[in-house]
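A closer look at the structure
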Amino acid sequence: MPLPDGLPMTVPAPGLPARVRIHEVGPRDGLQNEQALVPVEIKAEFIKRLAAAGLGTIEATSFVHPRWVPQLADAEQLMPLLGGPGLPAGTRLPVLVPNERGLDRALALGVREVAVFGSATESFAKANLNRTVEESLAMFEPVVAKAAAAGLRVRGYLSMCFGDPWEGAVPVDQVAGVSRRLLDLGCDELSLGDTIGVATPGHVAALLTALGAAGVPAGRLAVHFHDTYGQALANTLAALQQGVTTVDSSAGGLGGCPYARSATGNLATEDLVWMLHGLGIETGVDLGRLTATSVWMAAHLGRPSPSRTVRALAGSPSHQEN
């Protein structure tokens, strides 16, 4: 899908990284929130198209019990479809594991990267994990240790870092404390989640400053913004200004959170790439191919993509000719 000539115009800004690694979450975090079950062959093709568009890290699925997330119940069928020559060399395919049983299922399929999913607040820990924050950390400890012993890279997700639908504003020091605990368990990377999309740029800067003071370097952090109030790109820019170089996003803006009903879609990968490329920041992503992939997936889901960039490019004459 050709882009408009010369657009976006590249105008670098000072104090930003030269390159950003996009952690694509559409196949997992995006599709888990769909009402309809997407066939496993379509999921595999979706991942392959995302990789062909230049996304090097694609979160493939979750090994949560099918009763809780039926949309991802086909994890054992999906992962073998991603082997062989269908993906570029070096493509990373992390998966979510909630506990030791989920980790064992992932290990049996040769997975090399996993993620655990915690909460900065007690209310969401109870809703999502049926445990307190302390109990959830105790559950993760053997999972992270076992994964590390097997040579796997481990990511920690931390939800409700900026606001909670039950508790309201979440104190920055509280988030920093749980973040430090997750990293101390042995997580290689921590993704800070704005699960209900209430963060603003000053809040982002304040949290990242507090994390730095707690001994958590920006190089071990990722950010995961939802666009509920239209703040996701502004918040991402604030994080980049603080030294973060890994950003989670979802192709076409798919996703939300099944346990937080006020959460709307993730930051759209296309919108993120448009901004980053305009700033002269390398991503390795072919925006035209990525947009075409999201248009293709939207057709399978039976509704248009919420991504503004996808809508703009899909409605352009250059797309209509293709």
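Cut-off values and rules
Residues numbered from 1 in each chain as written. Predicted model: local features only at pLDDT ≥ 70, side-chain atom pairs only at ≥ 80, totals over all residues. Heavy atoms only, no water. pLDDT = per-residue confidence, 0-100. Contact = heavy atoms within 4.5 Å. Helix = DSSP H or I, 4+ residues; strand = E, 2+ residues; numbered from the N terminus. Axes fitted to C-alpha atoms, helices over the stretch in contact; angles between N-to-C directions. Parallel < 35°, antiparallel > 145°, perpendicular 65-115°, else oblique. Left-handed = near helix turned anticlockwise from the far one by under 90°. Phe/Tyr/Trp six-rings, centres within 6.5 Å; stacked < 30°, edge-to-face > 60°. Buried < 20%, exposed > 50% of the residue type's maximum accessible area, 1.4 Å probe, protein only. 1 Å grid on protein atoms, 1.4 Å probe; cavity = no way out; pocket = protein on both sides within 12 Å on 5 of 7 lines; lining within 4 Å. Points joined across faces, edges and corners; volume = space filled by probe spheres on them. Nonpolar A, V, L, I, M, F, W, Y, C, P; charged D, E, K, R; others polar. Pairing = 2+ DSSP bridges. Core = buried A, V, L, I, M, F, W, Y, C linked by side-chain atoms within 4.5 Å. Polar contact = N/O pair within 3.5 Å; in protein donor to acceptor, adjacent residues only side chain to side chain. Arc of directions from axis to C-beta. Salt bridge = Lys/Arg side-chain N within 4 Å of Asp/Glu carboxyl O.

**Remarks on the confidence of the model for the protein**
- Here the protein shows a mean pLDDT of 93. Residues at 70 or above account for 95%.
- Counting interchain partners and residues more than four positions distant, the pLDDT-below-50 stretch residues 257-263 has 24 contacts.

**Some words on the environment of G243**
- Relative to the helices and strands, G243 is located in the loop between α9 (232-241) and β9 (246-249).
- Here the alpha-carbon distance between G243 and L211, two residues 32 residues apart in the chain, equals 12 Å.

**Overview of the packing of helix α4 (residues 100-108) against helix α6 (residues 133-149)**
- Running from N to C, α4 and α6 cross one another at 20°; their axes reach a closest spacing of 9 Å. By the angle class used here, α4 and α6 are roughly parallel. Crossing of α4 over α6 shows right-handed handedness. Along its contact with α4, which presents E100, L103 and D104, the element α6 presents P142, V143, K146 and A147.

**Focus: the packing of aromatic side chains**
- Applying the stated criterion to the full structure yields three aromatic pairs.
- Centre to centre, the rings of F162 and F225 are 6.0 Å apart; their planes meet at 45°, and the pair counts as tilted. Of this pair, F162 sits in the loop between β6 (153-159) and α7 (172-185) while F225 sits in strand β8 (residues 221-225), and the two are 63 residues apart along the sequence. For the pair shown, F162 and F225 are each scored as buried.

**Thoughts on the layout of surface pockets**
- In this structure, the second largest pocket encloses a volume near 200 Å³.
- Class assignment of the residues belonging to the lining of the second largest pocket gives a composition of five nonpolar, three polar and three charged.

**With respect to the pairing of β9**
- In β9, alternate side chains face the same way, and those of T246 and D248 on one face and V247 and S249 on the other are all buried.
- Across four bridges, strand β1 (residues 21-24) lies against β9 in parallel orientation. When the bridges of β9 are listed, H23 appears paired with D248.

**A short note on the nonpolar core**
- In this structure, L82, V95, V97 and V114 are the most contacted members of the largest nonpolar core, which totals 86 residues.
- Discounting chain neighbours no more than four positions away, the residues touching L82 are A44, I47, A60, L87 and L93.
- Membership of the second largest hydrophobic core comes to eleven residues, among which are L96, A115, F117 and M160.

**Let's talk about the environment of E113**
- Following the sequence through the fold, E113 ends up in strand β5 (residues 113-119).
- Between the C-alpha atoms of E113 and V154, which are 41 residues apart in sequence, the distance is 6.0 Å.
- Only 2.6 Å separates the side chain of E113 from the side chain of R92, close enough to count as a polar contact.

**Re α4**
- Taken as a whole, α4 has its buried residues at G102, L103, R105 and A106. Down the axis of α4, the sector holding all buried residues measures 160°, keeping them to one side. Exposed and oriented more than 90 degrees from the buried face of α4 are R101 and A108.
- Put simply, N99 is the residue that caps the front of α4, since its side-chain oxygen is 3.3 Å from the backbone nitrogen of R101.
- Just past α4, the residue G110 takes up positive phi, approximately 80°.

**What about the packing of helix α8 (residues 201-213) against α9?**
- Put simply, α8 and α9 touch, their axes get as near as 8 Å, and they point 30° apart. Every pair of crossing elements has a handedness; the one defined by α8 and α9 is right-handed. For the pair α8 and α9, the contacting residues are P201, V204 and L208 in the first and A234, N235, A238 and A239 in the second.
- Residues that form the contact of α8 with α9 fall into these classes: six nonpolar, one polar and no charged.

**Notes on the sheet that holds strand β2 (residues 57-58)**
- With respect to topology, nine strands assemble into an open sheet ordered β2-β1-β9-β8-β7-β6-β5-β4-β3, the strand pairing being parallel. Single-partner strands in this sheet number two, and they are β2 and β3 (61-62).
- Bridge count for strand β7 (residues 189-194) against β8 is five bridges, and the pairing is parallel. Looking at β8, one finds that S191 is bridged to A222.
- The sheet contacts of α9 involve β7, β8 and β9, and relative to β8 the element is tilted by about 170°.

**Some remarks on the pattern of salt bridges**
- Under the counting rule described, the total for this entry stands at 16 salt bridges.
- With a shortest N-O distance of 2.7 Å, R28 and E59 are connected by a salt bridge. Placement of the pair is R28 in helix α1 (residues 26-30) and E59 in the loop between β2 and β3, with a sequence separation of 31 residues. There is no split in this pair, since R28 and E59 are both buried.
- Linked through salt bridges whose partners overlap, the residues forming this network are R21, R153, R155, E189 and D248.

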